[in-house]
Amino acid sequence: MKQMLDKTFSPSSFEEKFYAAWESSGLMLAGSKLDAVPYTIMMPPPNITGSLHMGHAFAYTLQDILIRFYRMQGRDVLWQPGTDHASISTQLVVERQLESKNLSRHTLGREKFLERVWEWKSESGGMITHQLRRLGACPDWSRERFTLDEGLSAAVRHVFVELYRQGLIYRDKRLINWDPKLQTAISDVEVELIPTQGAMYYFRYPLVGSGSEFITIATSRPETVFGDVAIAVHPEDERYQHLIGEFVSHPLTGHSLPIIADLHADPEKFTGAVKITPAHDFNDYEVGRRHHLPLNNIFDAHACLNENVPESYRGLDRFVARKKVIEDMEINGFFEKEEPALIPTPHGEKSGVVIEPWLMDQWYVDAATLAQPALKAVEQGKTRFVPQYWENTYFEWLRNIQPWCISRQLWWGHRIPVWYGPDKKPFVALSEEDALKDAALFYKKEVTLTQDPDVLDTWFSSALWPFSTLGWPEKTSEFQRYYPTDVLITGHDIIFFWVARMMMMGLHFTKEVPFKTVYINALVRDEKGQKMSKTKGNVVDPLILIDLYGADALRFTLASLAVPGRDVKFSKSQVEGNRNFATKLWNAARFAEMNGCLFDPDFTTTNLQIPINQWITAQINSLCYDVREALESYKFNEAAHLLYHFIWGTFCDWYLEFCKPKFVGIESEKVETQKTVAWILDKILRLLHPFMPFLTESLWENLHPEQELLMGASWPESLEGLYSTVREDVNWLIQVISEVRSVRVEMNIPPAAPLTLSFYDAGPETHRRIRNQEDLLLKLARLEHVKVFSEPLSQAEAKGAVQVVIGETTLLIPLIGAVDVKVEKDRIQKELSKISSEIEGIKKKLSNKDFMSRAPQDIVDTQQKRLENALFSSQKLEQALERLND
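Attention in this report is confined to the structure presented alongside it. (Residues numbered from 1 in each chain as written. Predicted model: local features only at pLDDT ≥ 70, side-chain atom pairs only at ≥ 80, totals over all residues. Heavy atoms only, no water.)

## Regarding a negative patch on the surface
- A cluster of acidic residues, Glu111, Glu115, Glu119 and Glu123, forms a negative patch at the surface.
- If you trace the backbone, Glu119 turns up in helix α5 (residues 110-124). (Patch = residues over 30% accessible without salt bridge, like charges linked within 9 Å, V, L, I, M, F, W, Y side chains within 5 Å. Areas by Shrake-Rupley, 256 points an atom, 1.4 Å probe, with all protein chains shown as cover. Salt bridge = Lys/Arg side-chain N within 4 Å of Asp/Glu carboxyl O. Lys, Arg positive; Asp, Glu negative; His and termini not counted. Charge placed at Lys NZ, Arg CZ, Asp CG, Glu CD. Helix = DSSP H or I, 4+ residues; strand = E, 2+ residues; numbered from the N terminus.)

Here it is as structure tokens:
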């Protein structure tokens, strides 16, 4: 027996049930429709240390919407899930656990430590995939991959060896981001520039051969002065042109440093002269390369000064050395002044310590060579960005690309497949066994090899994600069917670090682009437009919102905010509003159920007799087309808004109201309306399912108790042009009713007060419409009489009445007897006076320069919104007053 819907919408009562049903149904599995066109999305693999945050929720919701939509379109969909091993984050988690037991990875040794990490991964590493299930994400979990699993590890080794053999991977000494706490190189994406209160210190560098002349430089890092190898000035700076080619004497060492001309020196900044320290500054490193300057590394791995500095400084921490340099400059007369300044200082995202640009040997990829095909692919339209302007960011990075440092001084990760012989000669091979064979051939005897201790940058394995997850380098059936993929959905902050590298690796090894479209989702900010961060205390936990309002309310909110190219201003109240939207549909389904609206599989809408049923059929046909168009164009917000306004307004507020008289009227009309309501509800559930899967699946089970899951149902077909005349008629009726209701509100007319509505200048079309729909007009507009005149409205008849023009016709609503004109005039005048004072106060505040310079932007935005609302209210009141005066 069919179970009735609960009176109260409670998503927690069915979310877990339906997710389990989806997972056990096999509908998430790719490969079940081998005669269908494949559709593939690669899930950006979250870190195994991660917990679901709003950025995840946003991106994965959009991906899930597309996957559910294309599954309903009959495509063979693969949403490839997996997680990233996250070298630094995961190693830190386990090291902190060891620290709590007074242990370290070094006391355990590499092998035992890695065993601990794998244990942690098996116990805690799957948390985020369980959280994705709570969001309603429906990838093919049977194909879940991990960036350190054996298949992906084999692909990583293969790529490294091939690139090395092609001369595209090499060892070099270059400047890298060094984390002195974690003792490893880190990527740019793992570096945070934090404005830090510091100072600019002005030091005098005396000219060689001059008793009194000197050049003054300004620096925020006095501790690096021992790495100075030159002073640079702008070639067109007249103050220093005569000194180019001369030498200065280092204030603390006496070494001679050349004065060089380079565009890096900015005449407008500080003194216009800059000290050049190539081994400890990225800009200076490039200057050094241009002028063939020496590299003087003055720090050790712990950011303490090394043997390349005067003896009294050796072993000092960099910040202790800073104070000593300032003191010694002052004692020796080379200190000029100190100016407080806010310095953008690089910090390690994971360690929190100041990052040191440091010169050391690392493994590099020749990214410039790999970048060329990746550039051409986007230029030629083989891969497109949505929004398109993100191509510029992609182009900018690839056209100015630097060698990619791929080695990390960590233990957790892909061990670099390089082994060293007794004389440090490297042997690059797929396995130690292969390396030993190569070494034996080279040395003419068996030797002992030592593997490189470093691991690869996490982004190296991530760059292979679109094809390594499908079994590459083997030519598997999955690789041949699902590659290249259809769309990648990701954030703009990793266009350089991930998107570009996947393009480079994909094109180099598969000769095809890894994805046809790259959709760049926006950043989720708080309701004031501020970036979410723990320090600001404005982080919103999506799991708490799911507990409070259900996953569907969160998903629909995120989709409705996904305006291409615009960051999302997110608030809890938006989710609450969409929970109310879900409740509205739930209550509408209950109303339909209570009025006997049962789905009839043999029912068709091609021969409907009742205008309201013809109208709603035409409306939903248009909706089917428009939502499909929006989703195919990645306009998630547009699709969500179309659904919201149809369900809340067209279906619930209008159509179901139109249906009420039919449910108690003529039997044939009642039956047709009951079947039409159920048929429309069926289409609504299909259209809304990608956005609100749990709610729609629950209502589907009630509407179709004998059918399979909605997840496996088809997308509704659109029959454009059906009942187009009736559609226009009912839309006209809605406009008339809305105008009458608006007049009631504006004129403060009680809802129950009887009104007469007259139509003037009514042509045949208006006569026909009123004749066919008078009963609905009387009931829903709460009218006592409707009068229709073909003649135009006279001035005498218009006196004391409200006029509204709709198309060819003028509507007349007499106010005499419905409202006390004098009382209403007085009320409106008082309201206008109050609003005018408010408008004047807001304008005064917004024109106050002091207020505008001090007030946060969100406060200014609020005031401007208040002004807009007040001006609108004032305009409406003035219109109402004008009507009363007429």
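Now, onward.
## Some remarks on the side chain of Arg686
- Residue placement: Arg686 occurs in helix α22 (residues 667-688).
- Judged by its relative accessible area of 14%, Arg686 is buried.
- For Arg686, the side chain forms a polar contact with the side chain of Asp682, separated by 2.7 Å.
- Excluding its chain neighbours within four sequence positions, the residues that come into contact with Arg686 are Met72, Trp700, Leu710, Ala713, Ser714, Trp715 and Pro716. (Buried < 20%, exposed > 50% of the residue type's maximum accessible area, 1.4 Å probe, protein only. Polar contact = N/O pair within 3.5 Å; in protein donor to acceptor, adjacent residues only side chain to side chain. Contact = heavy atoms within 4.5 Å.)

## Examining the side chain of Gln619
- Looking at the element boundaries, Gln619 is found in helix α20 (residues 611-632).
- Since its relative accessible area comes to 14%, Gln619 is described here as buried.
- Setting aside residues up to four positions removed in sequence, Gln619 forms contacts with Phe646, Thr650, Arg727 and Asn731.

## Re the pattern of salt bridges
- Evaluation of the coordinates by the stated rule reveals 44 salt bridges.
- Where Arg75 meets Asp486, a salt bridge forms, and the shortest distance between an N and an O atom there is 3.9 Å. On the criterion of sequence distance, the pair formed by Arg75 in the loop between α2 (54-72) and β2 (76-80) and Asp486 in strand β22 (residues 485-491) is long-range, its members being 411 residues apart.
- Residue class for Asp486 comes out buried when judged on its relative accessible area of 12%.
- One salt-bridge network, held together by shared partners, links Arg221, Glu223, Arg318, Arg322 and Glu356.

## A few points about the nonpolar core
- One finds Phe570, Phe651, Phe658, Phe691 and Leu777 to be the most contacted residues of the largest nonpolar core, which totals 139 residues.
- By residue number, the principal contributor to this core is helix α21 (residues 636-663), which donates 14 residues.
- Ignoring anything within four residues of it in the chain, the contact list for Phe658 reads Ile612, Trp615, Val730, Leu733, Ile734, Ile737, Leu776 and Leu780.
- Within the second largest apolar cluster, 62 residues are counted, among which are Ala155, Ile494, Ile495 and Met503. (Core = buried A, V, L, I, M, F, W, Y, C linked by side-chain atoms within 4.5 Å.)

## A short note on the sheet that holds strand β10 (residues 247-249)
- Taken in spatial order, the four strands of this open sheet run β10-β11-β9-β12, and their pairing is mixed. Since the sheet does not close on itself, it has two edges, and those belong to β10 and β12 (273-276), each with one partner. On average, each strand axis in the sheet is inclined to that of its neighbour by 30°, with strand direction left out of account. (Pairing = 2+ DSSP bridges. Axes fitted to C-alpha atoms, helices over the stretch in contact; angles between N-to-C directions.)

## Here we look at helix α18 (residues 551-560)
- Across the ten residues of α18, ten count as buried, placing the element largely inside the fold.
- Among all positions of α18, only Ala551, Asp552, Ala553, Leu554, Arg555, Phe556, Thr557, Leu558, Ala559 and Ser560 are buried.

## Describing the packing of helix α7 (residues 150-165) against helix α16 (residues 495-510)
- Where α7 meets α16, the axes come as close as 12 Å, and the angle between the chain directions of the two elements is 75°. Put simply, α7 runs roughly perpendicular to α16. Between α7, through Val159, Glu162 and Leu163, and α16, the contact on the second element is made entirely by Met505, His508 and Phe509.
- In terms of residue class, the contact of α7 with α16 is made up of four nonpolar, one polar and one charged. (Parallel < 35°, antiparallel > 145°, perpendicular 65-115°, else oblique. Nonpolar A, V, L, I, M, F, W, Y, C, P; charged D, E, K, R; others polar.)

## Considerations on unusual backbone geometry
- Looking along the chain, the bond that leaves Val386 and enters Pro387 is cis, with omega of -5°.
- Looking at the element boundaries, Pro387 is found in the loop between β15 (384-386) and α11 (390-399).
- Omega for the peptide link from Trp472 to Pro473 comes to 15°, which places this bond in the cis form.
- Checked against the element boundaries, Pro473 lands in the loop between α14 (465-468) and α15 (477-482).
- Phi at Asn102 takes a positive value of approximately 60°, unusual for a residue other than glycine.
- Its location among the elements puts Asn102 in the loop between α3 (87-99) and α4 (105-108).
- The backbone phi angle of His292 is positive, close to 55°, even though this residue is not glycine.
- Here His292 lies in the loop between α8 (282-291) and α9 (318-331).
- Residue classification places His292 among the exposed residues on the basis of a relative accessible area of 71%.

## Describing the pairing of strand β5 (residues 169-179)
- For β5 and strand β14 (residues 356-365), the ladder comprises ten bridges, and the chain directions are antiparallel. Bridge assignment links Ile169 to a residue of β14, and that residue is Val365.
- Remark: four residues form the turn of the hairpin made by β5 and strand β6 (residues 184-186), two consecutive strands paired antiparallel; Gln183 in that turn has positive phi of roughly 60°.

## Points about the environment of Thr725
- Structurally, the position occupied by Thr725 is in helix α24 (residues 724-746).
- For Thr725 and Gln614, which are 111 residues apart along the polypeptide, the C-alpha to C-alpha distance reads 9.5 Å.

## Points about the pairing of strand β11 (residues 256-261)
- The pairing of strand β9 (residues 230-233) with β11 spans three bridges and is classified as parallel. Across the sheet, Ala232 pairs through a bridge with Ile260, a residue of β11.
- The antiparallel hairpin formed by β10 and β11 contains six residues in its connecting segment, where Gly254 sits at a positive phi of about 80°.

## Some words on the packing of aromatic side chains
- For the structure on display, the rule yields 46 aromatic pairs.
- Both rings, one in Phe113 and one in Trp411, keep their centres 5.8 Å apart while their planes meet at 70°; by these two values the pair is edge-to-face. A residue pair is termed long-range when its members are at least 10 positions apart, and Phe113 in helix α5 and Trp411 in the loop between β17 (407-408) and β18 (418-420) qualify at 298 residues.
- Here a set of aromatic residues connected by ring pairs shows up, and it is made of Phe160, Tyr164, Trp363, Trp404 and Phe460.
- Across the ring face of Trp411, the terminal group of Arg105 is positioned such that the distance to the ring centre comes to 4.8 Å. (Phe/Tyr/Trp six-rings, centres within 6.5 Å; stacked < 30°, edge-to-face > 60°. Lys NZ or Arg CZ within 6 Å of the ring centre and 35° of its normal.)

## As for the sheet that holds strand β20 (residues 450-451)
- Pairing is antiparallel across the open sheet formed by three strands, whose spatial order is β19-β18-β20. Looking at strand neighbours, the two that pair on one side only are β19 (426-428) and β20, the edges of this open sheet.
- When β18 meets β19, the two strands line up antiparallel, connected through three bridges. Residue Val418 lies in a different strand from β19, and its bridge partner there is Val428.
- Contacts from α7 reach β18 and β19, with the element oriented near 120° to β19.
- Most of the contacts of helix α12 (residues 432-443) go to β19, to which it runs at about 135°, and overall it touches β18 and β19.

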